[in-house]
Amino acid sequence: MITRGFKTVILTSAAGMLCLASMAGAQASSAMLPAEAFDLSHWKITLPVDENGDQKPDEKSVSQIANYQHSDFFYLNEDAHLVFASPNKAATTANTSNTRSELRQMIRGTNTRIGTHDPGNNFAVEARRSSDMFGAIGGRLEATLRVDHVALNAGDPTARAAHSVVVGQIHAVKFDNTRSGFGYGNEPIKIYYKKFPDHDYGIVFWNYERNLAKDDPNRNDLSVPVFGGNWDMTDDPGEAGIALGEEFSYSINVHRNTMYLTFHNERLGTVVQSRSLVRGADSLDNPYAYGGDSLYFKAGVYNQCSTQTGGGNWYAGCAGTGDWEVDKANGDYAQATFSRITLSDSVAPE
């Protein structure tokens, strides 16, 4: 059901999955929980904290997130918009040096008899073998947000990931046995915002990672500009870019075997793009792209300003102490505020 003319929009998919956009027009305060303004019934969250001391970032499951907020990293502001923040230095997951305050799609909801990596908790493209065993064939993630802050102090500002944050993505499930040519745990899309400290405007772009093994030298990201340039851009984009605090939206619609993308900004207009997920992006890519993978959506803040050094695209040697108050005061963090996050079934492109 779509009720027009109201601030609250409820979408019910054919699978019965309820998606609630933000209650921006409702009277609300920071005392509200995120789950009171957004439907989080098919999400869990990873946070940049390790409060239980297990040397891993804390997670809140679908059942836990319904009654959860973190006053620094995951909370509603006075407009009932959802704030995600993540410092440069904090607990990280096993396969990255980047911190995150980020939602992970959980198609299973609270049914924990279905494993996190099981087909029933993830989606696939239509062409995938046994695609009917998955929780969904394709799907759609839509979000409206503004980026409030990106990390200011990069030891190596020439590293492509410096001063940037990922605000939405599709991730593939990583498996130990990858003889099939899939299961590497790569990303067919990561949506970036990047702004250098001395620029008035930042840029919005997305990267497609060639779906190859970690040790394959061709497993690189292909960067596609949206507003202002891609991650090779070093000049100030001027008004072709997006300022901090300026709202934009994205839609990732995986329908059948193709990823359809729509980006919108009131000032710059709408950008529509697409990419096959069953045909390699170029001659160096997996020839079947992500056609044999198990996939899931993510949304929030994935801070790309790693404190790790070592050169290359990813290790910008960004500043950070691990003390949130100090790091926030120094500008060593990323933050974004979402007024809308919805999940639904895929739709045929117009």
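Quantities reported herein were computed from a predicted structural model and do not represent experimental measurements.

1. Some words on the overall build of the protein
- Scanning the protein for helices and strands turns up three helices and 19 strands.
- In terms of overall dimensions, the protein is globule-like: its C-alpha atoms have a radius of gyration of 19 Å, near the 20 Å expected for 350 residues.
- With the C-alpha coordinates aligned to their principal axes, the bounding extent of the protein is approximately 50 × 50 × 45 Å.
- By residue count, 53% of the 350 residues in the protein fall in the buried class.
- Partitioning the contacts of the protein with sequence separation of at least 6, the portion at a separation of at least 24 is 63%.
- Accessible surface, the protein as shown: approximately 15,100 Å² in total, 46% of it carbon and sulfur.
- Each charge sign in the protein was given a centre, from 30 positive and 41 negative side chains, and these centres are 7 Å apart.

2. Things to note about the environment of Arg146
- Here Arg146 shows up in strand β10 (residues 139-149).
- Along the chain, Arg146 and Thr337 lie 191 residues apart, while their C-alpha atoms are 5.5 Å from each other.
- If near-sequence neighbours (up to four positions away) are discounted, Arg146 is found in contact with Asn77, Gly245, Glu246, Glu247, Ala336 and Thr337.
- Of note is the side chain of Arg146, whose polar atom sits 2.7 Å from the side chain of Asp148.

3. Brief notes about the sheet that holds strand β19 (residues 333-344)
- The strand order β5-β6-β19-β10-β15-β16-β17 describes an open sheet built from seven strands, whose pairing is antiparallel. Lying at the two open borders of the sheet, with one neighbouring strand each, are β5 (74-76) and β17 (269-276). Going across the sheet, the axis of each strand differs from the next one's by a mean of 25 degrees, ignoring polarity.

4. Thoughts on the layout of surface pockets
- Taken as a whole, the largest pocket encloses approximately 1,500 Å³ of empty space.
- In this structure, the largest pocket is lined by 47 residues; those nearest its centre are Thr93, Asn95, Thr96, Arg100 and His171.
- By residue number, the principal contributor to the lining of the largest pocket is strand β18 (residues 295-303), which donates three residues.
- Class assignment of the residues belonging to the lining of the largest pocket gives a composition of twelve nonpolar, 18 polar and 17 charged.

5. Points about the pairing of strand β16 (residues 258-265)
- In terms of strand pairing, strand β15 (residues 248-255) meets β16 through seven bridges, oriented antiparallel. Among the inter-strand pairings, Tyr250 is bridged to a residue of β16, identified as Phe263.
- Where β15 folds back on β16, the antiparallel hairpin that results is connected by two residues, among which Arg256 adopts a positive phi of roughly 55 degrees.
- Summarising the sheet, β16 and β17 pair through eight bridges and their orientation is antiparallel. In the sheet register, Thr262 faces β17, and the bridge partner there is Val272.
- With antiparallel pairing between neighbouring strands as the criterion, β16 and β17 make up a hairpin whose turn holds three residues.

6. Brief notes about the pattern of salt bridges
- Evaluated as defined, the whole model comprises 13 salt bridges.
- Its salt-bridge partner being Glu102, residue Lys298 comes within 3.2 Å of it at the nearest N-O pair. Taken together, the residues Lys298 in strand β18 and Glu102 in strand β7 (residues 100-105) connect sequence positions 196 residues apart. We note that Lys298, like Glu102, is buried.
- The closest approach of N and O atoms between Glu246 and Arg267, which form a salt bridge, is 2.9 Å. Taken as a pair, Glu246 in the loop between β14 (221-227) and β15 and Arg267 in the loop between β16 and β17 lie far apart in primary sequence, 21 residues in all.
- In this structure Glu246 comes out as buried when scored by relative accessible area, which is 17%.
- The structure contains a network of salt bridges with shared partners spanning Arg100, Glu102 and Lys298.

7. As for the environment of Ala127
- Mapped onto the elements of the fold, Ala127 is located in the loop between β8 (123-124) and β9 (136-137).
- A residue is classified by how much of its surface remains accessible, and Ala127, at 52% relative accessible area, is exposed.
- Spatially, the C-alpha atom of Ala127 lies 19 Å from that of Phe297, the residues being 170 residues apart in sequence.
- Beyond its immediate sequence surroundings of up to four residues, Ala127 is in contact with Asn257 and Val278.

Reading the values: rules and limits
- Residues numbered from 1 in each chain as written.
- Predicted model: local features only at pLDDT ≥ 70, side-chain atom pairs only at ≥ 80, totals over all residues.
- Heavy atoms only, no water.
- Helix = DSSP H or I, 4+ residues; strand = E, 2+ residues; numbered from the N terminus.
- Rg over C-alpha atoms; globule rule 2.2 N^0.38 Å.
- Buried < 20%, exposed > 50% of the residue type's maximum accessible area, 1.4 Å probe, protein only.
- Contact = heavy atoms within 4.5 Å.
- Areas by Shrake-Rupley, 256 points an atom, 1.4 Å probe, with all protein chains shown as cover.
- Lys, Arg positive; Asp, Glu negative; His and termini not counted.
- Charge placed at Lys NZ, Arg CZ, Asp CG, Glu CD.
- Polar contact = N/O pair within 3.5 Å; in protein donor to acceptor, adjacent residues only side chain to side chain.
- Pairing = 2+ DSSP bridges.
- Axes fitted to C-alpha atoms, helices over the stretch in contact; angles between N-to-C directions.
- 1 Å grid on protein atoms, 1.4 Å probe; cavity = no way out; pocket = protein on both sides within 12 Å on 5 of 7 lines; lining within 4 Å.
- Points joined across faces, edges and corners; volume = space filled by probe spheres on them.
- Nonpolar A, V, L, I, M, F, W, Y, C, P; charged D, E, K, R; others polar.
- Salt bridge = Lys/Arg side-chain N within 4 Å of Asp/Glu carboxyl O.

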